[in-house]
Amino acid sequence: MSITARGLIMATVLILSTSQAHAWSWFGKDTRYADTRYPIVLVGGIIAFDDIAGIDYFYGIADDMRDYGADVYESNVSAMQSNEFRGEELITQIENYLAVSGADKVNIIAHSQGSPTSRYVAAVRPDLVASVTSVHGENRGTPVADVIRGIMPEGSIMEGMGEAITFAFAGLWEAASGGPSPLNQSASAVLADSTTTGMAEFNQRYPQAMPGGDCGTSGPHNVNGVRYWSWGGTGVQTNLFDPFDSLLVSVTKMAFADGEKHDGVLPKCGMYLGKPIRHNYRHNHADAIRQLFGLMGWETDPKTLYRNQANRLKNAGL
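Residues numbered from 1 in each chain as written. Predicted model: local features only at pLDDT ≥ 70, side-chain atom pairs only at ≥ 80, totals over all residues. Heavy atoms only, no water.

1. Details of the overall build of the chain
Scanning the chain from N- to C-terminus turns up 10 helices and 11 strands. Considering only contacts within the chain whose residues lie at least 6 apart along the sequence, 74% involve residues at least 24 apart. With the model as given, the accessible surface of the chain reaches about 14,100 Å², and the carbon-plus-sulfur share is 60%. (Helix = DSSP H or I, 4+ residues; strand = E, 2+ residues; numbered from the N terminus. Contact = heavy atoms within 4.5 Å. Areas by Shrake-Rupley, 256 points an atom, 1.4 Å probe, with all protein chains shown as cover.)

Here it is, written out as structure tokens:
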């Protein structure tokens, strides 16, 4: 074989292997790239929904994973409730997904408050869960909730007013998304769980996969047969045309100290869980789910991150 022919063959193999790593082949999409053993369940954070008027909470992400072979369900737990309350709702929904799919377990990929919601499920019903992946997860609470709690102390008139307003909003939100009962919403419950103190208490009850210390970056990867991963970001204003970014900049000034790494809502130190993937993507809290309508900066499209995680799950036999 000539040197030229050998070089051509080697170059072809390299291109093919590189394409496969990025879920492509000479024949287009690799439709088995994200074909996991167990179905994937996406779990949203505060004001969670599956879709409203055709707009997904995980904007375009579920369909992209399906294109690459994944079996994906988009959960719809309460928009505003405690982690345990939402967790019990999620257990019921997972049991329904398993009945439909015929699978024994699910892989959960959760954003924001969806992470402690899913951690609760994995702690009390590990038989239902193969893995939990925390995406910009609220695993140590947020200073934003601490600021709000300072404005609306527990039991105060201000808290009562805020509860009434958000109860009405959450009720309309659930009605629009076809989610759980609008009557079960509670801003006070989610606020209490989202403070740094509230989340510390939650972590004492459900410590699975949490890193040690105040800013540990790696926790147990396998707990009671459930695997844990996490990724996060430290972007805030990533696209000048995205109205969410301006909101996050305002929040940043109120809640975070100068120089502290965060995504506009959560501190970087609070996003770690289990085995870390990467936590310095230039994504803010909304970018992590491709909101608003996919407007982001010059960084890896989150679709790729979710798709690659599905492939990671597949390669782990999950």
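There's plenty left to go through after this.
2. Re the state of the cysteines
By the definition in use, this model includes 1 disulfide. With a sulfur-sulfur separation of 1.9 Å, cysteine 215 is cross-linked through a disulfide to cysteine 269. Judged by the sign of its S-S torsion, about -85 degrees, the bond between cysteine 215 and cysteine 269 is left-handed. Taken as a pair, cysteine 215 in the loop between helix 8 (196-205) and strand 9 (222-223) and cysteine 269 in the loop between helix 9 (243-255) and strand 11 (275-281) lie far apart in primary sequence, 54 residues in all. (Disulfide = S-S within 2.5 Å.)

3. Structural notes on the confidence of the model for the chain
For residues with low pLDDT, the predicted coordinates do not support detailed interpretation. Per-residue pLDDT for the chain has a mean of 88; in total, 84% of the residues score no lower than 70. Scored below 50 in pLDDT, residues 1-21 makes 11 contacts in the model with residues more than four places away or belonging to other chains. (pLDDT = per-residue confidence, 0-100.)

4. A few points about the side chain of histidine 111
Tracing the backbone shows histidine 111 in strand 7 (residues 106-111). Apart from residues lying up to four places away in sequence, histidine 111 is in contact with Val43, Gly44, Gly45, Tyr57, Phe58, Val135, His136, His285, Ala288 and Ile289.

5. Some thoughts on the packing of aromatic side chains
Counted according to the given criterion, the structure contains 8 aromatic pairs. Judged by centre distance (4.6 Å) and plane angle (20 degrees), the rings of tyrosine 73 and tyrosine 97 are stacked. Taken together, the residues tyrosine 73 in strand 6 (residues 72-74) and tyrosine 97 in helix 3 (residues 83-101) connect sequence positions 24 residues apart. Under the relative-accessibility criterion, tyrosine 73 is labelled buried at 16%. An aromatic cluster is present here, built from Tyr57, Phe58, Trp231 and Tyr306 joined pairwise through their rings. Its end group placed over the ring of tyrosine 281, arginine 278 keeps NZ or CZ at 4.1 Å from the ring centre. (Phe/Tyr/Trp six-rings, centres within 6.5 Å; stacked < 30°, edge-to-face > 60°. Buried < 20%, exposed > 50% of the residue type's maximum accessible area, 1.4 Å probe, protein only. Lys NZ or Arg CZ within 6 Å of the ring centre and 35° of its normal.)

6. Description of the pairing of strand 10 (residues 226-233)
Counted residue by residue, strand 10 has 7 buried out of 8 residues, so it is predominantly covered. Note that strand 9 and strand 10 share 2 bridges and pair antiparallel. Across the sheet, residue asparagine 222 finds its bridge partner in strand 10, namely arginine 227. Across 4 bridges, the pairing between strand 10 and strand 11 is parallel. Bridge pairing in strand 11 places serine 230 opposite proline 276. (Pairing = 2+ DSSP bridges.)

7. Re unusual backbone geometry
Here the amide bond leading from glutamine 291 into leucine 292 is cis, since omega sits at 10 degrees, within 30 degrees of zero. Here leucine 292 is to be found in the loop between strand 11 and helix 10 (302-315). Phi at histidine 136 is positive, roughly 50 degrees, even though this residue is not glycine. Position of histidine 136 among the secondary structure elements: in the loop between strand 8 (129-135) and helix 5 (143-151). In this model, alanine 209 sits at a positive phi of 70 degrees, which is unusual for a non-glycine residue. Exposure remark for alanine 209: the relative accessible area of 1% places this residue in the buried category.

8. A look at empty space enclosed by the protein
Applying the stated criterion to the full structure yields 1 cavity of 30 Å³ or more. Space inside the largest cavity adds up to approximately 40 Å³. For the lining of the largest cavity, a count of residues per class yields 6 nonpolar, 3 polar and 2 charged. (1 Å grid on protein atoms, 1.4 Å probe; cavity = no way out; pocket = protein on both sides within 12 Å on 5 of 7 lines; lining within 4 Å. Points joined across faces, edges and corners; volume = space filled by probe spheres on them. Nonpolar A, V, L, I, M, F, W, Y, C, P; charged D, E, K, R; others polar.)

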